[in-house]
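Breakdown of the fold
So you can see what is in the structure, the chains are spelled out below.
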Amino acid sequence: MKKSIPKLEVLSDSLNSHMTYYKFNKIDIHLSNNYRKGRINAAKWLNDLVFYYIQKEANLIEEFKEHIQKQKKELSSLDETEFKQGLFDELNIVEEIISK
């Protein structure tokens, strides 16, 4: 999972470069304004999509933690047994690991 954020950040940098190039570069006179607008709009849309997925990935750990808390709450109604203690010990260890 950690590998996707750096790739998305590189992609975002590239898209920002494309937007800048097509917005301000007048050297390529053979490019029409409509073509430039198309490239700029596509790059902007893609950059927004990249941002969405970066945010989504950043929230995955929080969603995971919430799911563990929900599971612990549901399991709390079990009788106090070694089985229940084993469940809670494992859930607590995983919570601790992802909180670091």
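In the block above lies the structure referred to throughout.
Each chain carries its own residue numbering, running from 1 in the direction its sequence is written. Side-chain atom pairs in this predicted model are given and counted only at pLDDT of 80 or more, local residue features only at pLDDT of at least 70, and totals for whole chains, interfaces and linings cover all residues. As a convention, hydrogens and water are excluded, and side-chain values are obtained from all of the structure's heavy atoms.

**Some points on the overall build of the protein**
Helix and strand definitions follow DSSP, with helices as H or I runs of at least four residues and strands as E runs of at least two, each counted in order from the N terminus. In terms of helices and strands, the protein carries 3 helices and 0 strands. What you see in the protein, going N to C, is helices and strands ordered as α-α-α. Along the three orthogonal principal directions, the C-alpha set of the protein runs to about 75 × 20 × 10 Å. Per-residue accessibility takes into account occlusion by the displayed protein chains alone, with areas from the Shrake-Rupley method and a 1.4 Å probe. When the accessible surface of the protein is summed, it comes to about 8100 Å², and 59% of that surface belongs to carbon and sulfur atoms.

**Topic: the nonpolar core**
Grouped together as the largest cluster of nonpolar side chains are 6 residues: Leu8, Leu15, Met19, Ala43, Val50 and Ile54. Here a residue-residue contact requires only that any non-hydrogen atoms of the pair lie within 4.5 Å. Beyond its immediate stretch of four places on either side in the chain, Leu8 contacts Val50, Tyr53 and Ile54. Among the buried residues, those of types Ala, Val, Leu, Ile, Met, Phe, Trp, Tyr and Cys that are joined through side-chain atoms within 4.5 Å form a nonpolar core. Each residue is assigned to one of three classes by its accessible area relative to the maximum for its type, calculated with a 1.4 Å probe on protein chains only: buried under 20%, partly exposed between the two thresholds, exposed over 50%. Judged by nonpolar contacts, the second largest core, of 5 residues, contains Ile68, Leu75, Phe88 and Ile98.

**Focus: helix α1 (residues 4-24)**
By this rule the span expected of a helix is its residue count minus one, scaled by 1.5 Å. Taking 1.5 Å per residue, 21 residues should reach 30 Å; α1 reaches 30 Å between its end C-alpha atoms and fits that length. All of the buried residues along α1 are Leu8, Ser12, Leu15, Met19 and Tyr22. Angularly, the buried residues of α1 cover 100° about the axis, an arc narrow enough to put them on a single face. α1 presents Lys7, Val10, Asp13 and Phe24 as exposed residues on the side facing more than 90 degrees away from its buried surface. The secondary structure elements touched by the buried residues of α1 are α2 (33-75). Of all possible arcs, the one meant is that of the directions from the helix axis to the C-beta atoms.

**A word on the pattern of salt bridges**
For this analysis, a salt bridge means a side-chain nitrogen from Lys or Arg found within 4 Å of a carboxyl oxygen belonging to Asp or Glu. Here the structure, examined in full by the defined rule, presents 3 salt bridges. Note that Lys72 and Glu95 form a salt bridge whose closest N and O atoms lie 2.8 Å from each other. Of this pair, Lys72 sits in helix α2 while Glu95 sits in helix α3 (residues 82-99); the two residues are 23 residues apart in sequence, bridging distant segments of the chain. Lys84 is the partner of Glu80 in a salt bridge, and the nearest nitrogen-oxygen pair spans 2.8 Å. Note on Lys84: relative accessible area 6%, which makes it buried.

**Observations concerning the packing of aromatic side chains**
Between rings of Phe, Tyr and Trp, where Trp is taken as its six-membered ring, a pair exists when centres lie within 6.5 Å; planes separated by under 30 degrees are stacked, by over 60 edge-to-face, and by other angles tilted. Applying the stated criterion across every chain, the model contains 3 aromatic pairs. Arranged with centres 4.9 Å apart and planes meeting at 85°, the rings of Tyr21 and Tyr22 form a pair that is edge-to-face. Classification of Tyr21 by relative accessible area gives partly exposed; the value is 32%. What makes Tyr22 buried here is its relative accessible area of 12%. A centroid spacing of 4.9 Å and a plane angle of 85° characterise the contact between Tyr52 and Tyr53, whose relative ring orientation is edge-to-face. For Tyr52, a relative accessible area of 45% translates into the label partly exposed. On the accessibility criterion, Tyr53 (40% relative accessible area) is partly exposed.

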